[in-house]
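The lines below spell out each chain.
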Amino acid sequence: MGDIKMKKLVIATMLVAASTSSFAGRFWTGDLGDWKLSLNNGVAYINSTAFPAECKYNRAQINFDGTEYTKALWSYVLAASKAGNNIEVVLDHDRNSGADTVTCRIYSAQTR
């Protein structure tokens, strides 16, 4: 009898984990193509029409939290902007949100 309860518990745990991870999480965008970089009140914004529809104002942001990683990410994106390179970025948000409702945040970037 205990074996059946354990199987039910394992299945329930897997279903919960699968359902929550399918809606939110980090993912790479496609090539942003024509993108613009701006800085406003200590937040760096990348604007692009290639962002997912749920990103407010067709933009995503890099929050400056003072870590070396964020400084390096900012430097990388700034250099890519000045060089005119296309980039992809990692976003983290709920992908099932309505259009133009989420403040998208950038966690990584790479040139294409």
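My aim in this report is to walk through the structure given alongside it, one point at a time. (Residues numbered from 1 in each chain as written. Predicted model: local features only at pLDDT ≥ 70, side-chain atom pairs only at ≥ 80, totals over all residues. Heavy atoms only, no water.)

Moving on: the packing of aromatic side chains. Going through the model one piece at a time under the given rule, you end up with one aromatic pair. Ring geometry for Phe64 against Trp74: centres 5.5 Å apart, planes inclined by 80°, an arrangement best described as edge-to-face. With Phe64 in the loop between β4 (55–63) and α2 (68–83) and Trp74 in helix α2, the pair connects residues that are 10 residues apart, well separated along the chain. Judged by its relative accessible area of 34%, Phe64 falls in the partly exposed class. Residue classification places Trp74 among the buried residues on the basis of a relative accessible area of 19%. We note Arg26 situated over the ring of Tyr107; from NZ or CZ to the ring centre the distance is 4.1 Å. (Phe/Tyr/Trp six-rings, centres within 6.5 Å; stacked < 30°, edge-to-face > 60°. Helix = DSSP H or I, 4+ residues; strand = E, 2+ residues; numbered from the N terminus. Buried < 20%, exposed > 50% of the residue type's maximum accessible area, 1.4 Å probe, protein only. Lys NZ or Arg CZ within 6 Å of the ring centre and 35° of its normal.)

This brings us to α2. Taking 1.5 Å per residue, 16 residues should reach 22 Å; α2 reaches 22 Å between its end C-alpha atoms and fits that length. Of the positions making up α2, those classed as buried are Thr70, Leu73, Trp74, Val77 and Ala80. Across the axial projection of α2, the buried residues extend over an arc of 130°, all falling on one side. When the buried face of α2 is taken as reference, the exposed residues oriented beyond 90 degrees from it are Glu68, Lys82 and Ala83. Gly84 sits one or two residues past α2 and shows a positive phi near 75°. (Expected span 1.5 Å × (residues − 1). Arc of directions from axis to C-beta.)

Within the largest apolar cluster, 21 residues are counted, with the highest numbers of intra-cluster contacts made by Trp35, Ile46, Phe51, Val77, Val89, Leu91 and Ile106. When contributions to this core are tallied by element, the ones reaching two or more residues are β3 (43–47), β4, α2, β5 (87–94) and β6 (102–111). (Core = buried A, V, L, I, M, F, W, Y, C linked by side-chain atoms within 4.5 Å.)

By the definition in use, this model includes three salt bridges. Two residues, Lys36 and Asp34, come together in a salt bridge whose shortest N-O distance is 3.4 Å. Where Lys71 meets Glu68, a salt bridge forms, and the shortest distance between an N and an O atom there is 3.4 Å. A residue pair is termed a helical-turn pair when its members lie 3 or 4 positions apart in one helix, as Lys71 and Glu68 do in helix α2 at three residues. Given the relative accessible area of 40%, Lys71 is considered partly exposed. (Salt bridge = Lys/Arg side-chain N within 4 Å of Asp/Glu carboxyl O.)

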